[in-house]
Each structure stands twice: as C-alpha cells, then as structure tokens.
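Here is how the chains run, residue by residue.
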Amino acid sequence: MLKNYFKIAYRTLLKNKAFSFLNIFGLAIGMAACFFIFQYVHFEKSYDRFNKNADNLYRVTISYSGSFSNLLPMATNHPAVAPAMKTEFPEVVNETRLVDPILFVTSLAISYKDHNGNMTSFNEGKMYIADSSFFSMFSFPLLAGNPATVLSQPNSIVISQTAANKYFGKENPVGKTVYLNQRLPLAITGVFKDAPENSHLKFDMLISFKTIDNDNGMAGNWTWPEFYNYVQLAPGTDPKKVEAKFPAFIEKHLAAVLRQFSFGCAFHLQRITDIHLRSALLKEPEVNGSEKEIYFLTIIGIFILTIAWINYINLSTAKSAERAKEVGLRKVVGGRRWQLMGQFITESFIVNLFALAVAALIVVCCFPFFEPFVGKNMSNVYSSEGIWNTAGFWLLLLAIFIIGAFLVGAYPALVLSSFKPVDVLKGKFSRSGKGIFLRKALVSFQFILSLLLIGGSVTVYRQLDFMRNQELGYNKDQVLVIKAPAIFDSLYANKITLFRSQLASNPAVNSITLSSDIPGRSIIERNSVRKTGEDASHNFITSIMEIDENFIRTFQVKLVAGRNFRPDDTVNLYQKGIKNVPVIINESLAKGLGFPNAEAAQQQTILLQYAQAGGITCQIIGVLKDYHQRSLKENFDPIIYYAPSNHGNSNYFVLNVNTHNLQHDLATMKGTYNNIFSGTSFDYFFLSDYFNAQYQADQQFGKVFGLFTMLAIFIACLGLLGLSSFMIRLRTKEIGIRRVLGASVYSILALFSRDFVRMICLASVVAIPVIYYLAYKWLSNYAFHIGLGWYIFIVPPLLLIIISLVITVLQSTKAALNNPVNSLKTE
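Think of each chain on its own: its residues are numbered from 1, step by step along the sequence as written. Selection of residues for local features in this predicted model requires a pLDDT of at least 70, selection of side-chain atom pairs for listing and counting requires 80 or more, and totals for whole chains, interfaces and linings are taken over all residues. For the side-chain quantities, the full set of heavy atoms in the structure was used; hydrogens and water were omitted.

1. Here we look at the overall build of the chain
Then step 1. Scanning the chain from N- to C-terminus turns up 25 helices and 23 strands.
Then step 2. Burial classes follow relative accessibility: with a 1.4 Å probe on protein chains only, a residue under 20% of its type's maximum area counts as buried, one over 50% as exposed, and anything between as partly exposed. The buried share among the 827 residues of the chain stands at 54%.
Then step 3. Two residues qualify as a contact provided that any one of their heavy atoms is within 4.5 Å of a heavy atom in the partner residue. When contacts within the chain are restricted to residue pairs at least 6 apart in sequence, those whose partners lie at least 24 apart make up 81%. Helical segments are the DSSP runs of H or I of at least four residues, strand segments are the runs of E of at least two, and each set is numbered from the N terminus.

2. Focus on the packing of aromatic side chains
Then step 1. Stacked, tilted and edge-to-face are the three classes assigned to paired rings of Phe, Tyr and Trp, where Trp is represented by its six-membered ring and a pair needs centres within 6.5 Å; plane angles under 30 degrees give stacked, over 60 edge-to-face, the rest tilted. For the coordinates displayed, the defined rule picks out 51 aromatic pairs.
Then step 2. A ring pair is formed by phenylalanine 701 and tryptophan 778, whose centres lie 6.1 Å apart and whose planes are at 35 degrees; its orientation type is tilted. Of the two residues, phenylalanine 701 sits in helix H21 (residues 696-730) while tryptophan 778 sits in helix H23 (residues 745-779), which places them 77 residues apart along the sequence. Pair check on accessibility: phenylalanine 701 and tryptophan 778 agree, each one buried.
Then step 3. Chaining the aromatic ring pairs together yields one cluster made of Phe50, Tyr128, Phe134, Phe135, Phe138, Phe140, Phe192, Phe203, Tyr228 and Tyr230.
Then step 4. Lysine and arginine charges are scored as sitting over a ring when NZ or CZ, respectively, is within 6 Å of the ring centre and within 35 degrees of the ring normal. Of note, lysine 245 hangs over the ring of phenylalanine 89, and the distance from its end group to the ring centre comes to 5.5 Å.

3. A short note on the packing of helix H3 (residues 81-88) against helix H7 (residues 246-261)
If you want to describe how two helices pack, look at the angle between their axes and the distance between the axes.
Then step 1. Note on geometry: axes are C-alpha line fits, over the in-contact stretch for helices, and angles between N-to-C directions span 0 to 180 degrees. Between H3 and H7, the shortest axis-to-axis distance is 12 Å and the interhelical angle comes to 115 degrees. As H3 packs across H7, the resulting crossing turns out to be right-handed. Contacts from Val81, Ala84, Met85 and Glu88 of H3 reach H7 at Phe246, Phe249, Lys252 and His253.
Then step 2. Three categories are distinguished: nonpolar for Ala, Val, Leu, Ile, Met, Phe, Trp, Tyr, Cys and Pro, charged for Asp, Glu, Lys and Arg, and polar for the others, with Gly belonging to the last. The residue inventory of the contact of H3 with H7, partitioned by class, reads five nonpolar, one polar and two charged. Crossing handedness is defined as follows: a turn of the near helix away from the far one that is anticlockwise and smaller than a right angle gives a left-handed crossing, while the clockwise case is right-handed.

4. Some words on H3
Then step 1. Looking only at H3, the buried set comprises Val81, Ala82, Pro83, Ala84 and Met85.
Then step 2. If you follow the buried residues of H3, they end up packed against strand S1 (57-66), strand S2 (92-99), strand S11 (228-233), helix H6 (239-243), H7 and strand S12 (263-271).

5. Details of the side chain of lysine 376
Then step 1. Mapped onto the elements, lysine 376 comes out in the loop between helix H11 (337-374) and helix H12 (391-417).
Then step 2. Within polar-contact distance, the side chain of lysine 376 engages the side chain of glutamate 44 at 3.3 Å.
Then step 3. Not counting residues within four places of it along the chain, the set of residues in contact with lysine 376 comprises Tyr40, Phe43, Glu44, Tyr47, Glu197, His276, Glu371 and Gln700. Contacts described as polar in this section are N or O atom pairs within 3.5 Å, which, within protein, must combine one atom able to donate a hydrogen with one able to accept it, while residues neighboring in sequence count only if both atoms come from side chains.

6. Examining helix H19 (residues 662-676)
Since one α-helical turn is 3.6 residues long, residues separated by three or four positions face the same way.
Then step 1. Here, expected helix span is obtained from the residue count minus one, scaled by 1.5 Å. Under the 1.5 Å per step criterion, the end-to-end length of H19 is 21 Å for 15 residues, consistent within 8% with the ideal 21 Å.
Then step 2. Where H19 is concerned, the buried positions are Asp665, Leu666, Met669, Thr672, Tyr673 and Ile676. The buried side chains of H19 occupy one side of the element, clustering within an arc of 125 degrees when seen end-on. Of the exposed residues in H19, those oriented more than 90 degrees away from the buried face are Gln663 and Asn675.
Then step 3. As for H19, its buried residues are in contact with strand S13 (479-483), helix H16 (492-504), strand S14 (509-515), strand S22 (652-657) and strand S23 (684-686). The arc in question is the one spanned by the directions pointing from the helix axis to the C-beta atoms.

7. Observations regarding unusual backbone geometry
Then step 1. Look at asparagine 155: it is not a glycine, yet its phi comes out positive at around 55 degrees.
Then step 2. Here asparagine 155 lies in the loop between strand S6 (142-144) and strand S7 (156-160).
Then step 3. A positive phi angle, near 65 degrees, is found at lysine 283, a position not held by glycine.
Then step 4. Relative to the assigned elements, lysine 283 resides in the loop between helix H8 (272-278) and helix H9 (291-318).
Then step 5. The class for lysine 283 is buried, based on a relative accessible area of 17%.

8. Here we look at the environment of glutamine 556
Then step 1. Tracing the backbone through its elements, the reader meets glutamine 556 in the loop between helix H17 (551-555) and strand S17 (559-562).
Then step 2. Placed 80 residues apart in sequence, glutamine 556 and lysine 476 show a C-alpha to C-alpha distance of 9.1 Å.
Then step 3. In this structure glutamine 556 touches Gly473, Tyr474, Asn475, Phe551 and Asn656, once residues within four positions along its chain are discounted.

9. A word on the sheet that holds S13
Then step 1. One open sheet accounts for four strands, arranged S14-S22-S13-S23; its pairing is antiparallel. Looking at strand neighbours, the two that pair on one side only are S14 and S23, the edges of this open sheet. Taken pair by pair, the neighbouring strands of this sheet meet at an average axis angle of 25 degrees, ignoring direction.
Then step 2. Alignment of S13 against S23, held across three bridges, turns out to be antiparallel. Note on S23: the bridge partner recorded for isoleucine 482 is tyrosine 684. Paired strands, as defined in this entry, are two strands with at least two bridges between them according to DSSP.

10. Considering the environment of serine 764
Then step 1. Relative to the assigned elements, serine 764 resides in helix H23.
Then step 2. Here serine 764 falls in the buried class, since its relative accessible area comes to 8%.
Then step 3. For serine 764 and proline 796, which are 32 residues apart along the polypeptide, the C-alpha to C-alpha distance reads 8.4 Å.
Then step 4. Once you skip the residues sitting within four places of it in the chain, serine 764 turns out to touch Leu451, Pro769 and Pro797.

11. Brief notes about the side chain of asparagine 475
Then step 1. Here asparagine 475 is to be found in the loop between helix H15 (433-469) and S13.
Then step 2. Residue classification places asparagine 475 among the buried positions, given a relative accessible area of 16%.
Then step 3. Polar side-chain contacts of asparagine 475 include one of 3.1 Å to the backbone oxygen of aspartate 477.
Then step 4. Not counting residues within four places of it along the chain, the set of residues in contact with asparagine 475 comprises Phe555, Gln556, Asn656 and Leu687.

12. Quick word on the nonpolar core
Then step 1. Judged by nonpolar contacts, the single largest core of 105 residues is most densely connected at Phe447, Phe551, Tyr641 and Phe708.
Then step 2. The element best represented in this core is helix H2 (residues 17-45), accounting for 15 residues.
Then step 3. For phenylalanine 708, the residues in contact, after removing those within four places along its chain, are Ala33, Phe36, Ile37, Ile300, Ile304 and Phe370.
Then step 4. Definition used in this section: a nonpolar core is a set of buried Ala, Val, Leu, Ile, Met, Phe, Trp, Tyr and Cys residues joined via side-chain atoms within 4.5 Å. Counting residues in hydrophobic clusters, the runner-up holds 30 residues, among them Ile62, Val81, Ile250 and Phe261.

13. Remarks on the packing of H16 against H19
Then step 1. Two numbers describe how H16 lies on H19: the axes approach to 10 Å, and their chain directions differ by 160 degrees. It follows from the interaxial angle that H16 and H19 lie roughly antiparallel. Here H16 runs over H19; the crossing is right-handed. Across from Lys495, Leu498, Phe499, Gln502 and Leu503 in H16, the residues of H19 making contact are Met669, Thr672, Tyr673 and Ile676. In this scheme, roughly parallel covers angles under 35 degrees and roughly antiparallel covers those over 145, while 65 to 115 is roughly perpendicular and the rest are oblique.

14. Quick look at the pairing of S7
Then step 1. In terms of residue burial, S7 counts as a mostly covered element, since five of its five residues are buried.
Then step 2. Alternating positions in S7 separate into two faces, Ser156, Val158 and Ser160 on one and Ile157 and Ile159 on the other, with burial throughout.
Then step 3. As paired strands, S7 and strand S9 (residues 184-192) are joined by five bridges and run parallel to one another. Counted as the bridge partner of valine 158 is glycine 190 from S9.

15. Examining the pattern of salt bridges
Then step 1. Just to be clear on terms, a salt bridge is a Lys or Arg side-chain nitrogen sitting within 4 Å of an Asp or Glu carboxyl oxygen. The tally for this structure, following the rule as stated, stands at 20 salt bridges.
Then step 2. Its salt-bridge partner being arginine 526, residue glutamate 226 comes within 3.1 Å of it at the nearest N-O pair. Of the two residues, glutamate 226 is situated in the loop between strand S10 (205-208) and S11 and arginine 526 in strand S15 (residues 525-531); the sequence distance between them amounts to 300 residues. Grouping residues by exposure puts glutamate 226 and arginine 526 together as buried.
Then step 3. A salt bridge links aspartate 274 to arginine 278; the shortest N-O distance between them is 3.5 Å. Of this pair, aspartate 274 and arginine 278 both sit in helix H8, four residues apart, which is roughly one turn of that helix.

16. Focus on the pairing of strand S19 (residues 605-608)
Then step 1. Pairing of S15 with S19, which is carried by three bridges, proceeds in the antiparallel orientation. Directly across from valine 529, in S19, lies its bridge partner leucine 608.

17. Remarks on a nonpolar patch on the surface
Then step 1. Together, Tyr772, Tyr776, Trp790, Phe793, Ile794, Leu798, Ile802, Val806 and Leu810 line one region of the surface with nonpolar side chains, adding up to about 970 Å² of accessible area.
Then step 2. For the nonpolar patch, the element with the most residues is helix H24 (residues 791-817), which contributes six residues.
Then step 3. Summarising the element assignment, tryptophan 790 is placed in the loop between H23 and H24. For patch detection, residues must exceed 30% relative accessible area and be free of salt bridges, and they are connected within 9 Å for like charges or within 5 Å for nonpolar side chains (Val, Leu, Ile, Met, Phe, Trp, Tyr). Surface accessibility in these figures is a Shrake-Rupley result with a 1.4 Å probe; residues are shielded only by whichever protein chains are displayed.

18. Focus on the confidence of the model for the chain
In regions of low pLDDT, the predicted coordinates are not meant to be interpreted in detail.
Then step 1. The pLDDT score gives, residue by residue, the confidence of the prediction method on a 0 to 100 scale. Across the chain, pLDDT averages 84, with 86% of residues at or above 70.
Then step 2. Across the chain, the secondary-structure element scoring lowest on mean pLDDT is helix H14 (residues 428-431), at 50, and the one scoring highest is S11, at 97.

If you want it as structure tokens, here you go:
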C-alpha cells in the first residue's frame, strides 16, 4: 500500500507540474530563508560560549548617580576592583583585567628588525594589556607558549597566528623581540589562535599587565575607571548574592572619593554570554548586537515559514475541486477515509522532502554570499561552535519537516478525504461558503504578516537613511584624518609643526587641525567640572578634548557665543599653579553647569578637576553649538575644549580636502609623512566612513530585515499567483456568461481584484496598529529618530495592493479576453 501511495503521489506531482512547482519552490524558499535566519540568530547568540567557563565568567561594570548621573554606565571599572574581589569574596576563584594601551600612548606602532637590521613598523589597532591569568580564564587556544606563564613577566607579548605570519612568515616568533613605538622592547612569549568572530573581545596582541604595573600598584587604584575587570565565580554561585555585597564593598574602598566629589556609584556583574546582545554600555570593546533585533529576525523566520505553509494549504484546498472526482471514485470502490488521508499526507511528505532538498541546495550555493552580505564571518568560529554541531539545529530541521509534511499537510488531507461520493461529483465544496471562508481567512492572515514585514522594513530603511543623512552639526564630507605617529623623540614637537606646515601648503588642503579626538568615538578624557564657588555636589561630568584654533574652521562647527582660540591661548595643563585657562565649552555643558543660555556662560570661571590636585580654574571664552560626537543613538556629549601648548596628546591630523586628484594628493602626503616620521606607518581614513562605522550593526540588521521581507513577499506572491490562477480556472464558465451578457473586460478584472483589495484593507486594520507599536518601541532605542508619519499607514497597504493587483490582473486579463464561446465549453 505504501508503495502505491508513493507511486500515485509521484504521478500526481508530474501531472500538475505548475501546481507542484509553486508548492515545492515556495516551501523551499521558505525553508532556506528560515535556515539563513536561524543560522544568523544562532551565531549572534553563540558569542563567547566557546569559553569553557562561560557560565561562570562575569564582567564587573559600573554606573553612576548623584553629581555624576549624566555619565552613562560603563563597561570598564577601576583596576583595583577585580583583585580586591578575589581577595575579599570567597565566591571569586579567579580574576583578570584588560586595558586599551591607547590610555598610555597616543597610538600603537609595533616594529621589528628584519634580517638586514632594517626596522619595519605597522600600526596595530586590536591590542590589549592583559593580566597573566587571562588564558586560564578565557579559552583562546595557544599554539605556542604556556598559558600560565606567557603573560607573567614584564615586557612580554603574545601575538595572534595572523600577526605572527604578517611579521615573521614561517619563522617561529617565540623568543623574538618587537618594539612598541620603537621604544619599548617586548619579548614574544606565545602565539594564540586567532580570536573567533563570535567573541566580544577581538585582538591580535596582548601585552603583559606587569609591563605597566610591575609593582602591583594598580591593585590599589580606585580612581581610574578605564579597565575591563573580569571575574570567575565558583560553579553554582548565585551572581545576585555576590552583587548584594557590592554596596559594602564600595563603601569600604571608595567612600572618601564618593564624598569628596559628591557622587554615587554601583557595580554590576554581567555574564560574558550576555554582553554581545544585552549590553550597550559606554566603552564597549566592540560594536554589539541587539537582543530585540534577534527576536525580530526570529519572528520574521517564523512568518516566512508560516506564509509558505499557508500557500501550501491554500493551493491544496483550492485544487480540491479538481480532485473531487478522484476522491468520489476511490470511496465508491471501497476506499476508506484513513487510506485517502494516507495518500494525501504521502503527497505532502514528498512535496516537503523535495522542498527540503531544494532548500539545502539553495543554502549551499548562497551561503558564501550570505556571509559578506550580513558582514559576519560566521565560518570563523572554533569548530565546536558551528551550527552543524548543535543538536538544536537538527531538532529544528526535523520539527520544520514534520510540521510541514504531516501537520500542515494534514488539513488538506482531512478536507479532501471528507468529501461525500454523491456530493463531490456536483462540486459542492468548491462553492461552499466554508471552503471559501477558509481560503479568505488564510490569505488575509498572509496579508497581515506581509504588512507587518513591509511596515517594519519601511521604518528600518527610513531610520537608517535618517542616520546617514541627518545634519550632524559639523562637516564630515571630504574630511581626511591622518593618525599621528606613535613614536616620540626629542624632536617630536618640531616634526609635528613641520608636517602640519607642509600639509597646509598643499593646494589640495583647505584647512588642517590637530585634535586629541574625532567624531565617531567616545572622547577618552573625562572629569568633573563645576562653577567656581559651588561645592562638590554641583560637579558635572564632561569630556575633555584638545584642539587648536583651526578646529572650528576645519569641522565647520558653529560658534554660538564668544570667540575662537587665538595663538596666545595655548596652555600646559600640567604646569604647576596654572589658572584662568581659556576654554571653549559646548551647549550641553553650558546647560549642565546651569547657565540659562550660551551668552550667560561668557567669561564665567569654572573649576575643572584635571591634571593637578584641587583642580584648575578655567575661563569660558566661547560656546560651540552641540554636534554629534557619537552616533544618533546617543544624546549630545558635554565637552570642554582647550588649546595645548604642545600637541603630544593630539592623535589626529584632520584635513578638509578637495578630492579632484585624490590618489596623487595622498601619495604626496604619504611621501611627506615618511620623510618626516621615518620608520612609521602612514595610516589615514575619511571621517564619513569612520563615523558611519558606528551604524554597522544597524545596517546589518536593516539589510537582513529587508532581504527576508522581500523573500516573504515573494513567497506570498507565489501563493497569490497559484490561488488566483485556480480561482479563475474554477470560474471560467462564469466569466464566459458574464461576457455574453455584456460585461466589460474592466468589470471582469474588478470582479477578481476586489476580493483581494477588501482582504488587504481588512488586514491593514489589524496590522497597522501593531506596526505602529513595534516601530515606536524599536525607535525608542535611538536618542534621535524619525517620526512615525503618514507613510506608516499608507505605504504598506498601498504596496501590497499594487502587488496583488498586478498578479490578479495579469492572470484574469487572459481569461477576460478569451472568446466567451470557448469559456462556455469549459466543464
């Protein structure tokens, strides 16, 4: 009997090639899309799970209150926190710290001598200073070296496999010496396997913590919250109980500082597996994803599969009229209902099996293009972390197949096998209100899902477009940024001045400025400031930035009050006893200090806690209009600017250039740079690209969301195409009668289109409020975002109506133009 089921199912599929193609291809696209989505979701949720201690590893973060309440919670903390926790908390079995070397040097150049004694230098960006316990806590495999000792000595460094190949080729790098900024020798003690893509920490080099702290002085530093602190808790420890000890812990170690500056703080434990999707703190080491967006994509995957399954149900039940006689004859000759159900479920099994095979082929062919499309190297994971190695994936695949083949296929089987032999020969089901209502309900549900996806895509696209094109308060176009050299000598200041003057004489350069920071990143320096005469309870946290008199001109920011810096305004903040330092502030800082407007801040004195005990008195000479230092997800940063007497902390040359002959001009600049700063690497980028890199995660989400929305609509269109085709075939005789009675082609087209338009209108009533709510919730993640205007109500239904009309009109036009005589002959 089973053999007979498969034989008849195979013949039925071949007999109805168009029907079979629509069903198999629609299901295959749905399954493939679902697989891609769940692969992406699985990858995003796999971050840091490769660590063997992942369930017990936590990052210790900090948040502020009181006079520091304007400072966002930070991923970093004081360097004394983790060592003190290990000493005082029995639940903590291990700890380690990381810090960005940029805190100690302006930039990072690693040099080495080749066999000929020539020094070659590369600027490195992915580098940390790490405790000796790092490799015992985190599971980054060492290809050479002992995990317990590679970072135990001062002036030692561990490098990645890629870095080893870049610097030394096939030679063994262990035991060789490289130099940081051509000054600090570092002995290579180990080589680690490249950090996987699904790690929140990505680095090519680790310098030993004892290089900066050989006497363990950092273990007593409670006033420098710039270090990543990680602790490993004993298995079975409740992190909430550990967090309950923090208030007393903070009181013990930070009470004096908190009272002096009149602020409060709190420590938090953050599981490392939660960092990528659930953390958006200040000073995150990498751009993180979003758990909400992952949920959205999961829902999209379910929507796509649901749309594909609805297509199958609709097409199968719509085709029931053509198989009514087959069912009637089978019952007349003794066929039982369960046998008929077995036949139709077998057909469903074969359709889903073919669809699964086609889906697998699509995945294999398209996966190499999917990775660069989403900007993720999902193949770069440690072997045990791949989706193919997880039992959950195979269970999900089995569940999709079973639901599609048996549960979804069961309904058409129930409908078809329930026909009464006498009635089916009269075609009653094809005209029954119950059957028509079912199809309309399912199609309407498809339209609701499609409207939700279209509305979401429109909102995401408009927000991304808004962020790319919104006025930022400064000019980022045609702004070239050159990294300052990281190598210092006695002539460094003279070289900076010479390079700057030679760039200024280049006709391609409109203006040039030096600064410690640029838009597109958090400003490194921060401290508290208040009006003179006020007590510490009025302290306000601000970012501190070094600029020169050309900053305003180069960036084209607006000075709303006061004046710009003059050459005689330069100061050395570290000079003992300095006071009345000329500074410029921005509108956010003026507001935070309590000034009613920018003009009121002019010539006022403020006390900046910076560089020396007791603070430095500063005089406000100007106020800049707020501009977006960071992405539009964040509010404006309060900033104070000063002009240093030397630019030792200026990390960037910022040039406003014309780009008519860009490659030639860059080559000239590179030659000038190499002549002045010999042995260093010429690194540059354009500010627009650098700033927009902050939106990498948002753009990836927008691309993925848009792609799968289009696939969902495409699958829905396949179903609409098949359903409208069957409806027209069933009503061919009716069309002929209407044409004989004088109906126009237009009225015939309207006859078949109006039902779909009505269903879309009904679906819009349900979908639009949901779209509005979800869009509002998503946009609330952005400090600056679009408004939800008329487009959210008009564009999704209008687009869906246009698509539906095109499909139905194309299908019904042919039937309407047929000779009525031929239509009346149709049985």
